[in-house]
2 protein chains.
Amino acid sequence: MVAATKNITTAACLIIGDEVLNGKIKDTNSAYFAKFCFDHGITVKHIAVVPDEESDIVETIQRMASRYDFIVTSGGIGPTHDDITYESLAKAFGLPVALDEELKERMYTLGKRRIDPANHEAVAAQLRMAIIPSGPNVETIYIDPAGLWVPVVAIDAKVHILPGVPQLFQRMLDGLVPTLSARFPQTDALLERFYVATRLRESEMAPYLTRLQHEVDPLGIKIGSYPHMSIGVNTVSIIGKVAHKDKLREIVKDVEANLQGHEVSKEEEEKQSST
Amino acid sequence: MVAATKNITTAACLIIGDEVLNGKIKDTNSAYFAKFCFDHGITVKHIAVVPDEESDIVETIQRMASRYDFIVTSGGIGPTHDDITYESLAKAFGLPVALDEELKERMYTLGKRRIDPANHEAVAAQLRMAIIPSGPNVETIYIDPAGLWVPVVAIDAKVHILPGVPQLFQRMLDGLVPTLSARFPQTDALLERFYVATRLRESEMAPYLTRLQHEVDPLGIKIGSYPHMSIGVNTVSIIGKVAHKDKLREIVKDVEANLQGHEVSKEEEEKQSST
């Protein structure tokens, strides 16, 4: 039905919602998306948070869609006045919106409690959630057809519209894997990361790390360096393809030897990581 | 020294770092910035996370600087190869970079442990942290001159370059208040928010909330609606200027009456809020 089946190597995430920008709510969806993509070998190139304003949504999604292979949006698909994601994305891609009959049926069948039919305005508000972008390049992906009526609406097999509620966002993102995995990087292109902790200062590490990065550039391996101020330790990260695992292990040994460091597990390192 | 002293009403935040995009690190700085701005009556319009790549940094900061009054960047000002924020921002604003002698002196005086002078490469790496954008529209703001050698480098009295380490980011952002507060909104323009919790469904609330938003639009009051799926409750937020406090309190009563709800404290509501 949808033409585009381009392989997915790059990704971006668009968080839509005043509540994140005014500090009411901490966005956790973009971090979940970042981990999801890493685990599937996809490189996230951009995350943006925009208000519930059409012009901001339209401009940002158009820019993302022109550059990256896989984009998710989070938020703005409820029934209230500040939920304008479907209309805004339709506008961004020059599409009409229309009531989707299948979606409406699912909403009525699987929705937990029926709105009082005499409450016409509430019924109309609820139906807004079934008025979605429409056209041959739009798909509705039901990730759990028996239990969840909200679909992932996908445009151009590229932009995927997800809810902002974290439980739903996570469940629906994970639920996209069967649909998308054929376009994900192959197993030997998946990424692996290693960490080496050291008490050397970043300035002391820098010359060696610069040379190392230069040396491993051709293999697409990335060397990073992150201070943990509170515990006086710096961590070097080494990220590369699973296919280069032996080389990555060699680099870990080399970093340990050159920086008087020792390897730490992913769990240990990520426990104390926030920026 | 710096010409621009435009009042600050809008803001944006640029997080620079592969480590956020690849899921190693959870960005907490943008959420801290969002709360900071709310507390000072400033509206955050955009948050972006970009990789350690010059073209992404340049393009995003130029867009932000052309639109918003107050911008902070986070990350990329250390001594290692992946720290390219100063050079990239200089490029974005057509400025040279140069070794700042005062900054170098402070680094040497206040830095915790001197790099071995015989280690020329490490000394050079450390000095990279004192090579900053240069010109009449660049300021170095020392927020804690006796205890911290890292300055906030400000360009055009608009873009403020902060470190990514959260302890430093927070301290330095808070430390900017004395320098910037004269440009912040006045006391009666500060924002206040109230919350009303209800068990009504969002579809049932929507018609009333739409009318309410329309009615309070002229006062710049914003009505939001946020589901807490796990506890089956929806929260309405009412945000407006302190100067409109009586009106805001009136709206809270109105929302309670119309949505069978009850007011909840900010603490209560924000405890269970993440998206």
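Rules behind the numbers
- Residues numbered from 1 in each chain as written.
- Chains lettered and ligands numbered in written order.
- Predicted model: local features only at pLDDT ≥ 70, side-chain atom pairs only at ≥ 80, totals over all residues.
- Heavy atoms only, no water.
- Helix = DSSP H or I, 4+ residues; strand = E, 2+ residues; numbered from the N terminus.
- Buried < 20%, exposed > 50% of the residue type's maximum accessible area, 1.4 Å probe, protein only.
- Contact = heavy atoms within 4.5 Å.
- Expected span 1.5 Å × (residues − 1).
- Domains from an automatic or database assignment.
- Buried area = accessible area lost by both parts, 1.4 Å probe.
- Salt bridge = Lys/Arg side-chain N within 4 Å of Asp/Glu carboxyl O.
- Polar contact = N/O pair within 3.5 Å; in protein donor to acceptor, adjacent residues only side chain to side chain.
- Nonpolar A, V, L, I, M, F, W, Y, C, P; charged D, E, K, R; others polar.
- Pairing = 2+ DSSP bridges.
- Phe/Tyr/Trp six-rings, centres within 6.5 Å; stacked < 30°, edge-to-face > 60°.
- Lys NZ or Arg CZ within 6 Å of the ring centre and 35° of its normal.
- Least-squares fit on C-alpha atoms with pLDDT ≥ 70 in both.

A. Spatial organisation of unusual backbone geometry. Residues and elements named next belong to chain B. In this structure, aspartate 156 is a non-glycine residue whose phi angle is positive, near 55°. Mapping aspartate 156 onto the fold places it in the loop between β7 (152–155) and β8 (159–162). Located in the positive-phi region is alanine 157, a residue other than glycine, with phi close to 50°. With respect to the secondary-structure elements, alanine 157 resides in the loop between β7 and β8.

B. Focus on the environment of A:Ile77. Residues and elements named next belong to chain A. Take isoleucine 77: it is sitting in the loop between β3 (70–74) and α4 (85–92). The exposure class assigned to isoleucine 77 is buried, which follows from its relative accessible area of 10%. Remark: the alpha-carbon pair of isoleucine 77 and leucine 148, spanning 71 residues in sequence, is separated by 15 Å. With sequence-adjacent residues up to four places away left out, isoleucine 77 is seen in contact with Asp83, Thr85, Tyr86, Met129, Val150, Ile161, Leu162 and Pro163.

C. A look at helix α3 (residues 54–67) of chain A. An ideal rise of 1.5 Å per residue puts 20 Å on 14 residues; α3(A) measures up with 20 Å between its terminal C-alpha atoms. By the burial criterion, the buried members of α3(A) are A:Asp56, A:Ile57, A:Val58, A:Thr60, A:Ile61, A:Arg63, A:Met64 and A:Ala65.

D. Representation of the domain arrangement of chain A in the model. Residues and elements named next belong to chain A. Segmenting chain A into domains produces domain 1 (10–183) and domain 2 (188–274). Each of domain 1 and domain 2 has a C-alpha centre, and these two points are 36 Å apart. Counting residues at the interface gives five residues for domain 1, matched by seven residues for domain 2. Taking both sides of the interface into account, the surface hidden between domain 1 and domain 2 amounts to around 480 Å²; carbon and sulfur atoms contribute 61%. When the buried surface of domain 1 facing domain 2 is broken down by residue, Lys35, Phe38 and Gly41 rank first, second and third, together holding 83% of it. There are zero salt bridges connecting domain 1 and domain 2. Taken together, domain 1 and domain 2 are joined by zero residue pairs in polar contact (both at pLDDT 80 or more). Tallied by class, residues from the side of domain 1 that touches domain 2 come to one nonpolar, two polar and two charged.

E. Structural context of the interface of chain A and chain B. Contact residues are listed per partner, giving 76 residues for chain A and 76 residues for chain B. Both sides together, the interface formed by chain A and chain B hides about 6,600 Å², and carbon and sulfur atoms give 53% of it. Along the contact surface separating chain A from chain B lie 18 residue pairs in polar contact (both at pLDDT 80 or more). By the bridge criterion, three bridges tie strand β2 (residues 43–50) of chain A to strand β2 (residues 43–50) of chain B in an arrangement that is antiparallel.

F. Main features of the packing of aromatic side chains. According to the stated counting rule, one finds six aromatic pairs over all chains in the structure shown. Geometrically, the ring pair formed by A:Phe36 and A:Phe184 is edge-to-face, given 6.3 Å between the ring centres and 80° between the ring planes. Here A:Phe184 lies in the loop between α8 (177–180) and β9 (191–198) and A:Phe36 lies in helix α2 (residues 29–39), a separation of 148 residues in the sequence. For the pair shown, A:Phe36 and A:Phe184 are each scored as buried. For the pair B:Phe70 and B:Phe184, a centre-to-centre distance of 6.5 Å together with 55° between the ring planes defines the contact as tilted. Pair noted here: B:Phe70 is in strand β3 (residues 70–74) and B:Phe184 is in the loop between α8 (177–180) and β9 (191–198), with a separation of 114 residues, a long-range link. Members of the aromatic cluster, each reached through a chain of ring pairs, are A:Phe33, A:Phe36, A:Phe70 and A:Phe184. The lysine or arginine in question, A:Arg106, covers the ring of A:Tyr142, its NZ or CZ lying 3.8 Å from the ring centre. Geometry around B:Phe194 places B:Lys266 over its ring, the cationic atom sitting 5.5 Å from the centre.

G. Region of the structure containing the pairing of β9(A). Residues and elements named next belong to chain A. With respect to burial, β9 is a largely interior element, seven of its eight residues being buried. In terms of strand pairing, β9 meets strand β12 (residues 262–264) through three bridges, oriented antiparallel. Each residue of the ladder has a partner; that of tyrosine 195, found in β12, is valine 264.

H. Layout of the environment of B:Thr109. Residue and element names in this part refer to chain B. For threonine 109, the location among the structural elements is in helix α5 (residues 101–110). It is 31 Å that separates the C-alpha atoms of threonine 109 and glycine 94, two residues lying 15 residues apart in sequence. Of the polar contacts made by the side chain of threonine 109, one reaches the backbone oxygen of glutamate 105; its length is 2.6 Å.

I. Broad picture of the pairing of strand β1 (residues 10–16) of chain A. Residues and elements named next belong to chain A. Buried residues dominate β1, accounting for seven of its seven residues. Pairing of β1 with β2, which is carried by seven bridges, proceeds in the parallel orientation. Note on β2: the bridge partner recorded for threonine 10 is threonine 43. Bridge count for β1 against β3 is five bridges, and the pairing is parallel. Across the sheet, cysteine 13 pairs through a bridge with valine 72, a residue of β3.

J. Local environment of the relation of the copies chain A and chain B. Expressed as a screw transformation, the operator carrying chain A onto chain B has a rotation angle of 180° and an axial translation of 0.0 Å, and the superposed copies differ by an RMSD of 0.0 Å. On this basis, the relationship between the two copies can be described by a two-fold rotation axis. Ranked by how close their C-alpha atoms come to the rotation axis, the residues of chain A are headed by A:Ala48, at 2.2 Å. The residues that chain A uses at the interface reappear at the interface of chain B in 100% of cases, marking a shared surface.

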